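Coordinates in review
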Amino acid sequence: MAEQKDKIFSAYSEKVMDHFTHPRNCGEIPDASGIGNVGNAVCGDIMRMYIKVENNIIVDAKFKTFGCAAALATSSMVTEMIKGKTVDEALKISNKAVAEALGGLPPIKMHCSVLAEHALRAALADYYKKIGKDPSTFEPKKESHEH
Ligand code: FES
């Protein structure tokens with residue numbers, strides 16, 4: 001049984017396992033500057049991302065994810081990656097960059113990293129709306145969260 005378990009986990013890098021078992025920045029920001037909610041219609045996983053922006057810098061980021069190991073690990077990693085970055089820099093972070101930072105994801109789990117990218121973009125879009133800017137160039141479409 002233990003052997004079987006190891007085989008299953010071997011599909012994931014050590015970093016994915018680390019972020020899955022010890023997620024960074026899990027929680028919420030009560031006075032968030034932006035909140036992004038996304039879900040994958042196929043697997044049913046959902047992700048909520050909170051960002052706090054001060055002087056155009058993301059000073060804090062947190063998430064709540066009800067999903068698979070890859071969804072949790074990518075949420076954790078993306079919140080680490082955006083802290084201290086400007087809004088424009090955060091917008092350049094792709095799901096591939098998040099997966100690479102985690103040492104890669106199995107191809108079948110790459111869509112989970114898309115959820116993290118979209119949660120970030122949705123949070124940034126929410127922030128844009130709050131400050132009166134148009135987020136239409138990067139705001140994720142609702143129907144795009146599929147496998
Ligand atoms: S299986 Fe749904 S996001 Fe990973």
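Report follows, based on the coordinates. (Residues numbered from 1 in each chain as written. Predicted model: local features only at pLDDT ≥ 70, side-chain atom pairs only at ≥ 80, totals over all residues.)

**Observations regarding the sheet that holds strand β1 (residues 34-39)**
In space, the three strands of this open sheet follow the order β1-β2-β3, with antiparallel pairing throughout. With one partner strand each, in any of the chains shown, β1 and β3 (57-66) form the two edges of the open sheet. Direction aside, neighbouring strands of the sheet carry axes that sit 15 degrees apart on average. In the packing of helix α3 (residues 69-82) onto the sheet, the strands contacted are β2 (46-54) and β3, and the crossing angle to β3 comes to about 175 degrees. Each of β1, β2 and β3 is contacted by helix α6 (residues 110-130), which is oriented at about 140 degrees to β1, the strand it contacts most. (Pairing = 2+ DSSP bridges. Helix = DSSP H or I, 4+ residues; strand = E, 2+ residues; numbered from the N terminus. Axes fitted to C-alpha atoms, helices over the stretch in contact; angles between N-to-C directions. Contact = placed C-beta atoms within 7 Å.)

**Let's talk about the pairing of β2**
Two elements, β1 and β2, share six bridges in a ladder whose sense is antiparallel. Looking across to β2, one finds that G36 is bridged to M49. One ladder, built from nine bridges, connects β2 with β3; its direction is antiparallel. Across the sheet, residue V53 finds its bridge partner in β3, namely I58.

**Quick look at the packing of helix α2 (residues 14-21) against α3**
Axis separation between α2 and α3 bottoms out at 8 Å; the angle between their running directions is 85 degrees. Here α2 is positioned roughly perpendicular relative to α3, judged by the angle of their axes. Here α2 contributes V16, H19 and F20 to the contact with α3, which in turn contributes A69, A70, L72, A73, S76 and M77. For the contact of α2 with α3, the class distribution of residues is seven nonpolar, two polar and no charged. (Parallel < 35°, antiparallel > 145°, perpendicular 65-115°, else oblique. Nonpolar A, V, L, I, M, F, W, Y, C, P; charged D, E, K, R; others polar.)

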